[in-house]
There are 2 protein chains.
Amino acid sequence: MPTKITDLKQDFTGGLSQISRFWGFPKGMGAIFAVLYLSPSPLSLDEIVEQTGLTKGAISTEVRTLARMGLVHRSSKLGDRKDYYEAETDFYTSIRSILKERQNSEFDRAVRSVAETLEKIESGSVSGDEAEIQFIHQRVQALQDFFNAIDSLAKAVIKLERLGIGNVKNILSILK
Amino acid sequence: MPTKITDLKQDFTGGLSQISRFWGFPKGMGAIFAVLYLSPSPLSLDEIVEQTGLTKGAISTEVRTLARMGLVHRSSKLGDRKDYYEAETDFYTSIRSILKERQNSEFDRAVRSVAETLEKIESGSVSGDEAEIQFIHQRVQALQDFFNAIDSLAKAVIKLERLGIGNVKNILSILK
DNA sequence: TACTACGTTTAGTAATTACTAAACATTCTA
DNA sequence: TAGAATGTTTAGTAATTACTAAACGTAGTA
């Protein structure tokens, strides 16, 4: 039986909603992105309301975080005071801005707190059993090294974006 | 003023809890891992209870998902019917098993649903405006390509683990 | 067999998060 | 200036998730 195009869109939207949730974002966010991504032209807030069934309020805030992550762009038409939104279609561009965004996040604050733990130990200002301190020192150091490696990898991905999509394969072959 | 070793541990545990939450896991999971990671010897369930303040029930379930992700290992001592848990200290090993684990996850189910959308379009079984179908086809295809690229990257990281930590830097320089 | 020492499951609660509805603010138009 | 058309904020609700407390299952020990 033939699938109606509206059903197809709905399936797709459902899929992106799940993916969104998987990464810890609201499912509404995935739905909003999906609707924009499948639209050939930018959509106004009210059109998004119509197509997602969410309220203006929710969309207003979620579209803002999408914009902050570089996954959608806000624009406006001359002589029209509505805002229009469209999906970023170059995902590498998005990844880059997501990774940059991450710099200022809770995540990095936490990572930095590990670094501080390390500094405290190394400054010799920790009192307690010496062997235990040494043990902890070594473990925390290893974790710190790992974070640094991840950070380097993130930077590698950022560079990757400049080179285009096919080059992931190159990394693979370089590593084999 | 000198920092007591117990305070240091607590700070560290707090940091990992936040990181855990950031990635969408319960903060308790981060705490459990932290406690195990800073312990020179495997801990029993009750010892984890003691050090985290969580209940046996919570730890029982969370330690299981940690084990599934390869972040902790369960072991037992002869003539002792307690289970003991210790942290995996090679993070590359963990990453590898997390990425493998992901294969069976909700995430991949959702990704597969995108692939199915694509198949429906390509089989010509979608009815509706032809230009719109073409447009959607092209967009969904692009997303699919992106997912494939991510998948390749994941595989690259899996290989990386074999090569040791310093090699992330190599990728970076290869790409520059 | 009964008792003890554990780990697991379950049913309920607390905390968090996503979302709605409606008030509000702002800017354009008449 | 009043009114209309928008986007934003806010206060409350619904849904989800993390966690607790306690019942349960199981296996070892007396």
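Visitor: Looking at this structure, I do not really get the layout of surface pockets. What am I missing?
Guide: Empty space among the atoms becomes apparent when a probe as large as a water molecule is rolled across them. All names here are of chain A. Estimated volume of the second largest pocket: approximately 350 Å³. Taken together, 17 residues make up the lining of the second largest pocket; nearest its centre are K9, Q10, T13, V35 and Q51. Mapped onto the lining of the second largest pocket, the elements with two or more residues apiece are α1 (5–22), α2 (27–37) and α3 (45–52). Looking at the lining of the second largest pocket, the element that brings in the most residues is α1, giving six residues. The residue inventory of the lining of the second largest pocket, partitioned by class, reads six nonpolar, nine polar and two charged.

Visitor: I keep staring at the protein's contact with DNA strand C and nothing clicks. Help me out?
Guide: With respect to spatial proximity, 19 residues lie near DNA strand C, and among them E62 of chain A together with K56, S60, R64 and K82 of chain B are the closest. Near the protein, within 4 Å, the atoms of DNA strand C are sugar or phosphate in 68% of cases. Separating a base nitrogen of DNA strand C from a side-chain N or O atom of K56 of chain B is a distance of 3.0 Å. In the model, a phosphate oxygen of DNA strand C is placed 3.1 Å from a nitrogen or oxygen of the K82 of chain B side chain. Elements supplying a minimum of two residues to the surface near DNA strand C: α2 and α4 (56–68) of chain A together with α4 (56–68) of chain B. No other element matches the four residues that α4 of chain B contributes to the surface near DNA strand C.

Cut-offs applied
- Residues numbered from 1 in each chain as written.
- Chains lettered and ligands numbered in written order.
- Predicted model: local features only at pLDDT ≥ 70, side-chain atom pairs only at ≥ 80, totals over all residues.
- Heavy atoms only, no water.
- 1 Å grid on protein atoms, 1.4 Å probe; cavity = no way out; pocket = protein on both sides within 12 Å on 5 of 7 lines; lining within 4 Å.
- Points joined across faces, edges and corners; volume = space filled by probe spheres on them.
- Helix = DSSP H or I, 4+ residues; strand = E, 2+ residues; numbered from the N terminus.
- Nonpolar A, V, L, I, M, F, W, Y, C, P; charged D, E, K, R; others polar.
- Near = heavy atom within 4 Å.
- Polar contact = N/O pair within 3.5 Å; in protein donor to acceptor, adjacent residues only side chain to side chain.

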